[in-house]
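Results of the structural survey
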Amino acid sequence: MKIGTNAGVRHSRTHGILVAIVGLVMGAGPLPKEEIKAIVEREYPSLEKIYLGVHLAPELSLLEEKTAARVAEEWRRAGYEVTEKVGGFGVVGVLKNGEGKTLMIRTDLDALPVKEETGAQYASSVVNKDATGQVVPVMHACGHDVHITTMIGVARTMAELKGKWKGTLVLIGQPAEEVGKGAKAMIADGLFKRFPRPDYGLALHVDAELEVGMVGYISGYAMANVDSIDVLIRGVGGH
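In this text the structure is predicted, and so the values were computed from the model without any measurement. (Residues numbered from 1 in each chain as written. Predicted model: local features only at pLDDT ≥ 70, side-chain atom pairs only at ≥ 80, totals over all residues. Heavy atoms only, no water.)

**Re the packing of helix α2 (residues 33-56) against helix α4 (residues 144-160)**
One way to put it is that α2 packs onto α4 with a least axis distance of 9 Å and a crossing angle of 150 degrees. On the basis of their axis angle, the class for α2 and α4 is roughly antiparallel. The two elements α2 and α4 meet at a crossing, and its hand is right-handed. Mapping the contact onto sequence places Ile39, Arg42, Glu43, Ser46, Leu47, Ile50, Tyr51, Val54 and His55 in α2 and Asp145, Val146, Ile148, Thr149, Ile152, Gly153, Arg156, Thr157 and Glu160 in α4. Its residues placed into classes, the contact of α2 with α4 shows eight nonpolar, five polar and five charged. (Axes fitted to C-alpha atoms, helices over the stretch in contact; angles between N-to-C directions. Helix = DSSP H or I, 4+ residues; strand = E, 2+ residues; numbered from the N terminus. Parallel < 35°, antiparallel > 145°, perpendicular 65-115°, else oblique. Left-handed = near helix turned anticlockwise from the far one by under 90°. Contact = heavy atoms within 4.5 Å. Nonpolar A, V, L, I, M, F, W, Y, C, P; charged D, E, K, R; others polar.)

What follows is the structure, encoded as structure tokens:
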């Protein structure tokens, strides 16, 4: 699923994302849009501070210690049973709310080795060593800071609206998404054995090509998979 985004209208974006996700969790029941709107209005200042804080303190893949700890703290405060260090710096939050289906929602945690040149007042100036020991600039260039903030907002909203849905909600904070290692590590560490196995899984990604308030989705695979292969060619160079 892809969510419309625009840097100048984060408030509308946050409301749109929450309405979309809460609607999916609640299924065919009536969607309490006004209640969601009221929660967003109340929580937005806090969520914006979280977003800015995460953006200012990005962490590379496999090094998401502080980011994971912040997510765990927020989910725990919202009333979830939280387990940290699942497959590295993975985080799992569980909220059981009676009989019903189990829904898993996932966010990624890591940033990229990219220098921020946006000119924003909250631009990242972080530099860090990557897995090879090379010092590189770091920024949230792929929207994971938005995804993290959204999941904290969803955690708060779903906990507050417990009287309007039934089932189990499993929140996943996945490390090392950018290098393709985090999901595999969490599964190897017993993600689907130690925690409720989901009937449905949901991930989202912001997308600047969609207007704010719009949700794009398709049946089946929504994003391209990533793989790699190394090829060694021996011969004489040519054009």
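Now, onward.
**Focus on the nonpolar core**
Among the nonpolar cores identified, the biggest contains 29 residues, and Trp75, Tyr80, Ile105, Leu169 and Leu171 are the most heavily contacted of them. For this core, the secondary structure elements donating two or more residues are α2, α3 (65-77), β3 (90-97), β4 (102-108), α4 and β7 (167-174). Here the element with the most residues in this core is α4; it accounts for seven residues. Non-local contacts of Leu169, meaning those with residues more than four positions away in its chain, are made with Tyr80, Gly93, Val94, Leu95, Leu103, Ile105 and Met158. One finds Val170, Ile172, Leu191 and Phe195 within the second-largest nonpolar core, a separate group that totals nine residues. (Core = buried A, V, L, I, M, F, W, Y, C linked by side-chain atoms within 4.5 Å. Buried < 20%, exposed > 50% of the residue type's maximum accessible area, 1.4 Å probe, protein only.)

**Describing α3**
With 13 residues, α3 should cover 18 Å at 1.5 Å per step; its first-to-last C-alpha distance of 18 Å lies within 8% of that length. Where α3 is buried, its residues meet α2, β2 (81-86), β3, α4 and β7. Positive phi shows up at Gly79, right after α3, with a value of about 110 degrees. (Expected span 1.5 Å × (residues − 1).)

**Here we look at the packing of α3 against α4**
A packed helix pair is summarised by two numbers, namely the angle formed by the two axes and the spacing between the axes. Running from N to C, α3 and α4 point in directions that differ by 15 degrees, and their axes come no closer than 9 Å. Between α3 and α4, the crossing angle belongs to the class labelled roughly parallel. Helix-helix and strand crossings are classified by hand; for α3 and α4 the assignment is right-handed. Seen from α3, the contacting residues are Thr67, Val71, Glu74 and Trp75; seen from α4, they are Ile148, Met151, Ile152, Ala155 and Arg156. Broken down by class, the residue content of the contact of α3 with α4 amounts to six nonpolar, one polar and two charged.

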